[in-house]
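The primary structure of each chain is shown beneath.
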Amino acid sequence: MSTKIDLQNLPVTEEFAPLAEGVCPVEWALERVAEARLISCGRSVTCRDGLTQVQAIITDITTGAGQPGDLAMLRDVVGYIAAMGDCQASLTAARGVLFSLDRYAAEWDAHCNRKRCAALVCKAYISVICLPERCQGDTACLKACPAGAISGGPGLIAVVDEARCTRCGDCLTVCPHGAIARSGPMKPKLPDAPIPVGSFATAAAAGVVRRRRRAE
Ligand code: SF4
Ligand code: SF4
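First, a word on what this report is: a plain description of the structure on this page. (Residues numbered from 1 in each chain as written. Chains lettered and ligands numbered in written order. Predicted model: local features only at pLDDT ≥ 70, side-chain atom pairs only at ≥ 80, totals over all residues.)

Here we take up the packing of helix α1 (residues 25-39) against helix α2 (residues 45-62). As a packed pair, α1 and α2 sit with axes 10 Å apart at the nearest point and diverge in direction by 150°. Classified by the angle their axes make, α1 and α2 are roughly antiparallel. The handedness of the crossing between α1 and α2 comes out as left-handed. Two secondary-structure elements touch here, α1 through Val26, Glu27, Ala29, Leu30, Val33, Ala34, Ala36 and Arg37 and α2 through Leu51, Val54, Gln55, Ile58, Thr59, Ile61 and Thr62. (Axes fitted to C-alpha atoms, helices over the stretch in contact; angles between N-to-C directions. Helix = DSSP H or I, 4+ residues; strand = E, 2+ residues; numbered from the N terminus. Parallel < 35°, antiparallel > 145°, perpendicular 65-115°, else oblique. Left-handed = near helix turned anticlockwise from the far one by under 90°. Contact = placed C-beta atoms within 7 Å.)

The next subject is the nonpolar core. Core analysis: the biggest nonpolar cluster contains 31 residues, and Val26, Val33, Val54 and Ile58 have the highest contact counts within it. Elements with a contribution of two residues or more to this core: α1, α2, α3 (70-84), α4 (88-103) and α5 (105-114). Among all residues touching valine 54, those that are not within four sequence positions of it are Val33, Leu74, Val77, Val78 and Val97. Judged by nonpolar contacts, the second largest core, of 21 residues, contains Ala149, Ala179, Ile180 and Leu190. (Core = buried A, V, L, I, M, F, W, Y, C linked by C-beta atoms within 7 Å. Buried ≥ 20, exposed ≤ 12 C-beta atoms within 10 Å, placed from the backbone.)

Near ligand 1 you find 15 residues, and of these Cys135, Ala140, Cys141, Cys175 and Ala179 are the closest. Residue composition of the shell around ligand 1, by class: 9 nonpolar, 5 polar and 1 charged. (Near = placed C-beta within 6 Å. Nonpolar A, V, L, I, M, F, W, Y, C, P; charged D, E, K, R; others polar.)

On to the site of ligand 2, then. The full set close to ligand 2 counts 14 residues, and Cys145, Ala147, Cys165, Cys168 and Cys171 are the nearest of them. Of the residues in the shell around ligand 2, the class split is 10 nonpolar, 2 polar and 2 charged.

Unusually for a residue other than glycine, threonine 139 sits at a positive phi of about 70°. Residue placement: threonine 139 occurs in the loop between β1 (127-130) and α6 (140-144). A positive phi angle, near 60°, is found at arginine 167, a position not held by glycine. Inspection of the secondary structure puts arginine 167 in the loop between β3 (159-160) and β4 (180-183). Overall, arginine 167 belongs to the partly exposed group, with 17 C-beta atoms counted inside 10 Å.

To continue, consider the packing of α1 against α4. Between α1 and α4, the least distance of the axes is 9 Å, while the angle of their chain directions is 175°. Relative to α4, the element α1 is oriented roughly antiparallel. Along the contact surface, α1 presents Pro25, Trp28, Ala29, Arg32, Val33, Ala36 and Ile39, while α4 presents Ala89, Ser90, Thr92, Ala93, Gly96, Val97 and Ser100. Looking at the contact of α1 with α4 residue by residue, the class counts come to 9 nonpolar, 4 polar and 1 charged.

One turn of an α-helix holds 3.6 residues; hence residues three or four places apart share an orientation. Here α3 is 15 residues long and its end C-alpha atoms lie 21 Å apart, about the 21 Å a rise of 1.5 Å per residue gives. Burial in α3 covers these residues: Leu74, Val77, Val78 and Ile81. Buried residues along α3 cover an arc of 90° about the axis, so they all sit on one side. Turned more than 90 degrees from where α3 packs its buried face, Ala72, Asp76 and Ala83 sit exposed. Residues of α3 that are buried in the fold lie against α2 and α4. (Expected span 1.5 Å × (residues − 1). Arc of directions from axis to C-beta.)

Structure below.
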């Protein structure tokens, strides 16, 4: 989810508003840096190399490659840019990252050290699932999936193969019953394979379905 800021007209002293629900503060910070790199002239080493390094560190943090020391290193680099940067684009981006680090410290720690995204935005930390109680087996999601990651058929509860799913999101809006959803590491009970619509409660009671954790 993107929240655009007009970097060119933003004073360095601008206070950032709290982020809306559903906005990942780490992804938000990454967007601020990417925007700054797009509009920066690139003549300043602080801006050019600093923002490149910041973007690489945050990208690692959002994609599961974050290391325990990354947050301290990131804070050092953005602090340096905020103090020494000589263009508004880099200053504002650095201040945005500092704002996010300060205000949403727990979320940064969760991304970097526990590989979790509470907003369910960062693809590396989510699963896409079919909620079996809602699925009506109309196969719309199967047709929408470019990866062939959803199995099922007419009258069957769809099942997403996590290993094949690329988290592209193409299926998230096609289900007329709201059965396709994002999930964090703790998923609800799901069938392992497609079963007839309406049979889920019986299967769950018989222990045919189980609660699964996202592969980490
Ligand atoms: S999840 Fe939705 S779109 Fe997919 S088969 Fe079930 S009802 Fe149809
Ligand atoms: S997120 Fe993309 S790859 Fe995954 S099941 Fe949905 S359409 Fe297929």
